[in-house]
Amino acid sequence: MYAVFKRELFSLLNSLMAYITIGVFLLTAGLLLWFFPDTSILDYGYAELSSFFALSPFLFLFLIPSLTMRSFAEERREGTYVLLATRPITDWQIILAKYFSCLILVVFALIPTVIYYISIYKLGFPEGNIDGGAVLGSYIGLFLLSSSYTAVGIFSSSITKNQVVAFAIAVFICFITYAGFDAMSKAFGLQSWERYLLSLSINEHYQSISRGVIDTRDLVYFLSFVMLFLGLTRIVISRRKW
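So, how was this worked out
- Residues numbered from 1 in each chain as written.
- Predicted model: local features only at pLDDT ≥ 70, side-chain atom pairs only at ≥ 80, totals over all residues.
- Heavy atoms only, no water.
- Salt bridge = Lys/Arg side-chain N within 4 Å of Asp/Glu carboxyl O.
- Buried < 20%, exposed > 50% of the residue type's maximum accessible area, 1.4 Å probe, protein only.
- Phe/Tyr/Trp six-rings, centres within 6.5 Å; stacked < 30°, edge-to-face > 60°.
- Helix = DSSP H or I, 4+ residues; strand = E, 2+ residues; numbered from the N terminus.
- Lys NZ or Arg CZ within 6 Å of the ring centre and 35° of its normal.
- Axes fitted to C-alpha atoms, helices over the stretch in contact; angles between N-to-C directions.
- Parallel < 35°, antiparallel > 145°, perpendicular 65-115°, else oblique.
- Left-handed = near helix turned anticlockwise from the far one by under 90°.
- Contact = heavy atoms within 4.5 Å.
- Nonpolar A, V, L, I, M, F, W, Y, C, P; charged D, E, K, R; others polar.

## Some points on the pattern of salt bridges
This model, assessed by the stated rule, comprises 4 salt bridges. Arg-7 is paired through a salt bridge with Glu-8; the nearest N and O atoms lie 2.6 Å apart. Looking at Arg-7, the relative accessible area reads 39%, which means it is partly exposed. Two residues, Asp-91 and Arg-234, come together in a salt bridge whose shortest N-O distance is 3.6 Å.

Okay, structure coming up:
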């Protein structure tokens, strides 16, 4: 498993597309947070990063699927999965190796954003006037959200050999699970189901953790979400005749 993980990680690190994608994410986040008037922290006037953590899930809708779309789709297109499957390694080990390699790359993309916290910490009046606990909770929530998006991306890549199609499917599923259930709870006469629909929404649990309170129900939700889509990936690759 470690050998596959290392191969996948270095393959991503050697990919120009990964650097372009991460660069676009950081550039977009920087422009939205510091330059655009409607979302600028400087115009907002408060020492907090709530706008960054509100925007990040939507930026990740495109960042993470672009990193995961090649995971299985490229193996199918080039016919290399057969060679991988004949090695003494289980399907779960292959899936987890690809999953963790993509997730680590997402963490690499998040690390430079710590400079936003340092900047606000220094710019606050008085210096350090920022709720560090809420920021830490928001980063934990963002990591759990990234874990969920990555699992969706891996699943989407396993059902097609076209990377563009895998990207589109992943974006659609991530959007529906993040914002779709919220919208459905307020439309189509489903108000009576609002509590149940909101409990299925990633946004609901992400916002809960972002408030700085780590609830076991939220942790169980994200873990179950990840295992669901990784389990679906296992079913797809085990039944497919590569």
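Structure's up, so let's keep going.
## Topic: the packing of aromatic side chains
Summed over the entire model, instances satisfying the criterion amount to 13 aromatic pairs. Taken together, a centroid distance of 6.3 Å and an interplanar angle of 55 degrees make the contact between Trp-34 and Tyr-116 tilted. Of this pair, Trp-34 sits in helix H2 (residues 16-34) while Tyr-116 sits in helix H8 (residues 114-123), placing them 82 residues apart in sequence. The exposure class of Trp-34 is buried, given its relative accessible area of 18%. Residue Tyr-116 is classed as buried on the basis of its relative accessible area of 8%. Taken together, a centroid distance of 5.3 Å and an interplanar angle of 70 degrees make the contact between Tyr-99 and Phe-100 edge-to-face. Taking the relative accessible area as the measure of exposure, Tyr-99 reaches 5% and is therefore buried. Three or more aromatic residues joined by ring pairs make a cluster, and in this case those are Trp-34, Phe-52, Phe-53, Tyr-116 and Tyr-139. Across from the ring centre of Phe-72, 5.1 Å away, lies the NZ or CZ of Lys-98, which sits over that ring.

## Digging into the packing of helix H4 (residues 50-68) against helix H9 (residues 132-158)
Packing of H4 against H9 brings their axes to within 9 Å, and their N-to-C directions diverge by 30 degrees. One finds that H4 runs roughly parallel with respect to H9. The way H4 lies across H9 gives a crossing that is right-handed. Contacts between H4 and H9 pair Phe-52, Phe-53, Ser-56, Pro-57, Phe-60, Leu-61, Ile-64 and Thr-68 from the former with Val-135, Ser-138, Tyr-139, Leu-142, Leu-145, Ser-146, Tyr-149, Thr-150, Gly-153, Ile-154 and Ser-157 from the latter.

## Some words on the packing of H9 against helix H12 (residues 202-210)
The interhelical angle for the contact between H9 and H12, taken along N-to-C directions, is 155 degrees, at an axis separation of 7 Å. On the basis of the axis angle, H9 is roughly antiparallel to H12. The hand of the H9/H12 crossing is right-handed. On H12, the residues touching Ala-134, Gly-137, Ser-138, Ile-140, Gly-141, Leu-142, Leu-144, Leu-145, Ser-148 and Tyr-149 of H9 are Ile-202, Tyr-206, Ile-209 and Ser-210. Counted by class, the contact of H9 with H12 contains 9 nonpolar, 5 polar and no charged residues.

## A short note on the environment of Gly-23
For Gly-23, the position within the fold is in helix H2. A relative accessible area of 33% means that Gly-23 is categorised as partly exposed. Along the primary structure Gly-23 and Ala-109 are separated by 86 residues, whereas in three dimensions their C-alpha atoms are 8.4 Å apart.

Note that all results are geometric; they support no functional claim without further evidence.
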